[in-house]
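Analysis of the macromolecular model
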Amino acid sequence: MDDIATPTLTASTDPFPEFPSDFRWGTATAAYQIEGAWNEDGKGPSSWDTFVRQPGKIAGAQTGDIACDHYHRWESDLDLMANLGVNAYRFSVAWSRVLPTGSAPHNDAGLAFYDRLIDGMLARGIDPYVTLHHWDLPQALEDRGGWQTRETAERFADYAALMGERLGDRVSSWITLNEPFVLATFGYSFGTHAPGRTLFLSVYPVVHHLLLGHGLAVQALRAAGVTAPIGITNNLTPVWALTDSDGDRAAAERLDTLYNRQWLEPILLGTQPIDPEVAYPGSDTSCVQPGDAEIIATPIDFLGVNFYNPQQVKAPGEGNPMGFELVDITGVPRTGFDWPVVPSALTDRLVSLRDSYGDQLPPLYITENGTSVADHVDSDGRVRDPFRWAYLDRHLRAIADAMEVGVDVRGYFCWSFMDNFEWAEGYDQRFGLVYVDFDTQQRIPKDSFRWYRQVVTGNAAGIVPGVQA
Ligand code: FCB
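Analysis parameters
Residues numbered from 1 in each chain as written. Predicted model: local features only at pLDDT ≥ 70, side-chain atom pairs only at ≥ 80, totals over all residues. Heavy atoms only, no water. Disulfide = S-S within 2.5 Å. Near = heavy atom within 4 Å. Polar contact = N/O pair within 3.5 Å; in protein donor to acceptor, adjacent residues only side chain to side chain. 1 Å grid on protein atoms, 1.4 Å probe; cavity = no way out; pocket = protein on both sides within 12 Å on 5 of 7 lines; lining within 4 Å. Sits in = over half its atoms within 2 Å of the grid points. Nonpolar A, V, L, I, M, F, W, Y, C, P; charged D, E, K, R; others polar. Pairing = 2+ DSSP bridges. Helix = DSSP H or I, 4+ residues; strand = E, 2+ residues; numbered from the N terminus. Axes fitted to C-alpha atoms, helices over the stretch in contact; angles between N-to-C directions. Contact = heavy atoms within 4.5 Å. Salt bridge = Lys/Arg side-chain N within 4 Å of Asp/Glu carboxyl O. Buried < 20%, exposed > 50% of the residue type's maximum accessible area, 1.4 Å probe, protein only.

1. A few points about the state of the cysteines
Following the criterion strictly, the structure yields 0 disulfides and no others. We note that Cys-414 lacks a disulfide partner, and the nearest cysteine sulfur, in Cys-68, lies 14 Å from it.

Right under this line is the structure:
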């Protein structure tokens, strides 16, 4: 019944918007999701290597041990990326590949891999956008408490310094953390992601140490001589109240604060919108030390925005300690993940960021946006994914709408370059522009790949195309 009521998603037939000629067009991936080679060439285990081995945690008991085997196939993958025509690529470094125990000594073979990768990108005219931590913490640090401890924030800064020294001459932009909200919430609060801890509302030290680690890493990169822009990537999710009632609006405010503001305002404004004693009853708040707020507020040069969908909430039922209850958004198209598709929410989000933070808001990049689709290879060998390019089309138009009213967006990174290991969902959710046959490791560019190539190359050539796949 739901299927009948769910609208389909199609690309717009209006002329495609014009983006600035220096706009960065890219794709994004993360180390654990694509690299494989989990225990090769001296790499140490990460929290994800450990987590995927726990029974019942990952759909189909899948792991990222091999993933897209990108560690061995990076060269042909970069050739394919060059064929896509993008001028930027956001990828992450596996911390335990370069520092197997999370701190010195470093692993030469691991560093050499990222040297090769970056040189390969530059040789193809693709700018490297490096994420330092996309959730795969060295297990040795996790064994000592991971992000619950100040030590992890400090080791993160050392790791950032090492990467700055080694790669700083070639990296275009640095992203300290990817989506700390998701790491804290699913990794440490509810335990559905690595490291699988269930701290619930006692998670505040994780929140604080992630913010602190970010600030320390910005300082460490600068001290290592990095002059390239440095930022952080958050999934800045618009939160809607189900109704205008006071209870629903308070619930929306609560989730907006947890999801968005508590990760932004300490960095952009130097203030924390939550009182940890109230927001996280039961948490040990003694982790906050004098001077931390200043470290966290170290200026950044850009903000990375990941956007997939808005979230709707209502007032919590009796005895619900979270302060909100999630409510499905209905009447809109849905992705393979069953996420609601609401492109206008991205426009609203970008405009509201500008309106809320004004001059304090640095330039924005959309560091992730995309959709999973139950793709399959047709008998003629082609992967037809009109839903994906309609999704991308609608969201790019939504970004153009925000830019039209003055929001400073500098680039767009489609999630993802290729199908990959989608965390707890394993390989079942395909987000790529490139289809990956995980049995053979064959890569097949999807229709959306050709569509995106027209967008990217058309923009570079100053053409406003009537884009079709
Ligand atoms: C984001 C993650 C990314 C990917 C997409 C679908 O939250 O940053 O690694 O899993 O979701």
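2. With respect to the site of the ligand
In the vicinity of the ligand, the contacting residues are Gln-33, His-134, Trp-135, Asn-178, Glu-179, Tyr-308, Glu-368, Trp-415, Glu-422, Trp-423 and Phe-431. One nitrogen or oxygen atom from the side chain of Asn-178 is found 2.9 Å from an oxygen atom belonging to the ligand. Contact between the ligand and Glu-368: an oxygen atom at 3.0 Å from a side-chain N or O atom of the residue. Judged by the proximity of its atoms to the pocket grid, the ligand belongs to the largest pocket. Its residues assigned to classes, the shell around the ligand shows 5 nonpolar, 3 polar and 3 charged.

3. Notes on the sheet that holds strand E6 (residues 239-241)
Remark on secondary structure: sheet strands pair via backbone hydrogen bonds, oriented parallel or antiparallel. Strand order in the open sheet made by the 3 strands is E6-E8-E9, with mixed pairing throughout. The two strands at the open ends of the sheet, each matched to only one other strand, are E6 and strand E9 (325-327). With direction set aside, neighbouring strand axes in the sheet form an average angle of 45°. Pairing of E6 with strand E8 (residues 311-314), which is carried by 3 bridges, proceeds in the parallel orientation. Paired with Val-239 across the strands is Gln-311, a residue of E8. Along the sheet face, helix H11 (residues 246-268) touches E6, E8 and E9 and points at about 170° away from the line of E6.

4. Some thoughts on the pattern of salt bridges
Pairs can form between side chains of opposite charge once their charged atoms are near each other. Considering all chains together, one arrives at 37 salt bridges under this definition. Salt-bridge contacts for Asp-127 lead to Arg-24; the nearest nitrogen and oxygen are separated by 2.5 Å. Remark: Arg-24 occurs in strand E1 (residues 24-28) and Asp-127 occurs in strand E3 (residues 127-133); sequence separation between them is 103 residues. For Glu-265, the salt bridge identified is with Arg-261, shortest N-O distance 2.8 Å.

5. Digging into helix H9 (residues 180-189)
Counting buried residues in H9 gives 9 out of 10 residues, a clear majority hidden from the surface. In the core, the buried residues of H9 are packed alongside E3, helix H7 (139-143), strand E4 (173-178), helix H10 (204-223), strand E5 (230-235) and H11. Trailing H9 by a residue or two, Gly-191 shows a phi angle of about 75°, which is positive.

6. Details of the sheet that holds E4
With respect to topology, 8 strands assemble into a closed barrel ordered E1-E2-E3-E4-E5-E7-E10-E11, the strand pairing being parallel. Adjacent strand axes in the sheet meet at a mean angle of 25° when their direction is disregarded. Here 5 bridges tie E1 to strand E11 (residues 409-415), and the two strands are oriented parallel to one another. When the bridges of E11 are listed, Ala-28 appears paired with Trp-415. Contacts from helix H6 (residues 108-123) reach strand E2 (88-92) and E3 within the one sheet, and its direction differs from that of E2 by about 170°. Packing against the sheet, H10 makes contact with E3, E4 and E5, and its axis sits at approximately 160° to E4.

7. Digging into unusual backbone geometry
The linkage connecting Ala-194 with the following residue, Pro-195, adopts the cis geometry, with an omega of 10°. By secondary structure assignment, the location of Pro-195 is in the loop between H9 and H10. Following Trp-415, the chain continues into Ser-416 via a peptide bond in cis, with omega recorded as 15°. Looking at the secondary structure, you find Ser-416 in the loop between E11 and strand E12 (434-437). Here the phi dihedral of Phe-200 falls at roughly 45°; this positive angle occurs in a residue that is not glycine. Tracing the sequence through the fold places Phe-200 in the loop between H9 and H10. Classification of Phe-200 as partly exposed rests on a relative accessible area of 45%. Look at Gln-441: it is not a glycine, yet its phi comes out positive at around 65°.

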